[in-house]
Amino acid sequence: MPARDPECIFCKIIAGELASQIEYQDDQVTAFHDINPIAPVHLLIVPNKHIPSVNAVEPADEAMLGHMFTVARELAAKFGLAERGYRLIVNTGDHAGQVIFHLHMHLVGGRALGPMLAR
Ligand code: AMP
Ligand code: ZN
């Protein structure tokens with residue numbers, strides 16, 4: 001898998017070629033505000049490397065994937081979500097409604113989020 005997909009909008013955001021509200025970036029991950037937020041805080045935490053979904057994750061990615069959680073924890077604290085809580089969501093594939101095929105973790109909070117899924 002190449003590190004970058006030239007057609008991918010998240011790869012373009014990571015490279016600074018597409019405007020976005022970037023909240024955090026380091027050598028492994030980038031976090032930016034979702035363009036269509038579902039809650040007062042809605043960030044996307046993404047690997048800098050183009051990985052289409054959890055289906056394409058490899059053992060060599062484990063350190064970076066763990067780092068995504070550390071960044072999620074730091075951003076949750078920064079945005080005042082730690083005490084009341086928040087939700088981390090990773091959609092994979094058609095049944096989960098994944099629309100952008102560059103792995104991303106949604107960090108959602110700032111209001112009561114209700115049950116995880118409708119039954
Ligand atoms: P998913 O359904 O998990 O693939 O979610 C993709 C998310 O990406 C959605 O919440 C979109 O609102 C968000 N999104 C799409 N394009 C952009 C963009 N250019 N900048 C920020 N967020 C985006
Ligand atoms: Zn990409």
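Attention here is on the structure that accompanies the text. It should be emphasised that the depicted structure is a prediction, and the values quoted were computed from it without experimental measurement. Residue positions are given per chain, counting from 1 as you read along its sequence in written order. Both sets of labels track the order of writing: A upward for chains, 1 upward for ligands. With pLDDT at 70 or above as the cut-off, local features in this predicted model cover only qualifying residues; side-chain atom pairs require 80 or more to be listed or tallied, and sums for whole chains, interfaces and linings still use all residues. Side-chain calculation: all heavy atoms of the structure are included, whereas hydrogens and water are not.

The way it works is that DSSP assigns letters per residue, a run of H or I at least four long becomes a helix, a run of E at least two long becomes a strand, and they are numbered from the N terminus. Check the secondary structure of the chain and you find two helices and five strands. Taken over 119 residues, the chain has a buried fraction of 38%. We call two residues in contact when some of their heavy atoms are within 4.5 Å. Look at the contacts in the chain between residues 6 or more apart in sequence, and 56% of them connect residues 24 or more apart. When the accessible surface of the chain is totalled, it reaches about 7,300 Å², and 56% of it is carbon and sulfur. Positive and negative charge centroids in the chain, built from 9 and 13 side chains respectively, lie 9 Å apart. Exposure categories follow from relative accessible area, calculated using a 1.4 Å probe and restricted to protein chains: below 20% of the type maximum is buried, above 50% is exposed, and the middle band is partly exposed. Each accessible area value is a Shrake-Rupley result obtained with a 1.4 Å probe; residue values ignore everything except the protein chains displayed when judging cover. This count recognises Lys and Arg as positive and Asp and Glu as negative, with His and chain-terminal groups excluded. The atom standing in for a charge is NZ when the residue is Lys, CZ when it is Arg, CG when it is Asp and CD when it is Glu.

Each reported salt bridge corresponds to a side-chain nitrogen of Lys or Arg within 4 Å of a carboxyl oxygen of Asp or Glu. On inspection of all chains with the given rule, the structure shows three salt bridges. A salt bridge links R4 to E17, with the nearest nitrogen and oxygen atoms 2.8 Å apart. Here R4, found in the segment before α1 (9-14), pairs with E17, found in the loop between α1 and β1 (22-25); they are 13 residues apart in sequence, far enough to count as distant. We classify R4 as partly exposed; its relative accessible area is 34%. The salt bridge partner of K49 is D61, with a shortest N-O separation of 2.6 Å. One end of the pair, K49, is in the loop between β3 (41-47) and α2 (62-78); the other, D61, is in the loop between β3 and α2, and twelve residues separate them in sequence. Look at K49 and you get partly exposed, because its relative accessible area is 34%.

This part is about the site of ligand 1. Ligand 1 sits among 16 residues. The nearest are D34, G97, V99, H104 and H106. Two N or O atoms form a polar contact when they lie within 3.5 Å of each other; inside protein one atom must be a possible hydrogen donor and the other a possible acceptor, and for residues adjacent in sequence the pair counts only when both atoms belong to side chains. Here a nitrogen atom of ligand 1 and a backbone polar atom of I35 are 3.1 Å apart. A total of 510 Å² of accessible area belongs to ligand 1 in isolation, and the protein chains cover 84% of it. When residues of the shell around ligand 1 are traced back to their parent elements, those giving at least two are α1 and β2 (29-33). Put simply, a residue is near a molecule or strand once any heavy atom of it comes within 4 Å of that molecule or strand.

Turning our attention to the coordination of the zinc ion (ligand 2). The coordination sphere of the zinc ion (ligand 2) contains the protein donors C8 (SG), C11 (SG), H50 (ND1) and H102 (ND1), at a distance range of 2.1 to 2.3 Å. Listed donors are limited to N, O and S atoms within 2.8 Å of the metal, widened to 3.2 Å for Na, K and Ca; water is not among them, so incomplete-looking sites are possible. A four-donor site is called tetrahedral if each angle lies between 85 and 135 degrees; a four-donor site is square planar, and a six-donor site octahedral, when trans pairs exceed 155 degrees and the remaining angles lie between 65 and 115; all other cases are labelled irregular. Coordination at the zinc ion (ligand 2) is tetrahedral, judged from the four donor atoms that bind it and the angles of 105 to 115° they form at the metal. Each donor residue of the zinc ion (ligand 2) lies on the same chain, and together they follow the pattern C-x2-C-x38-H-x51-H. Remark: H50 occurs in the loop between β3 and α2 and C11 occurs in helix α1; sequence separation between them is 39 residues. Under the relative-accessibility criterion, H50 is labelled buried at 4%.

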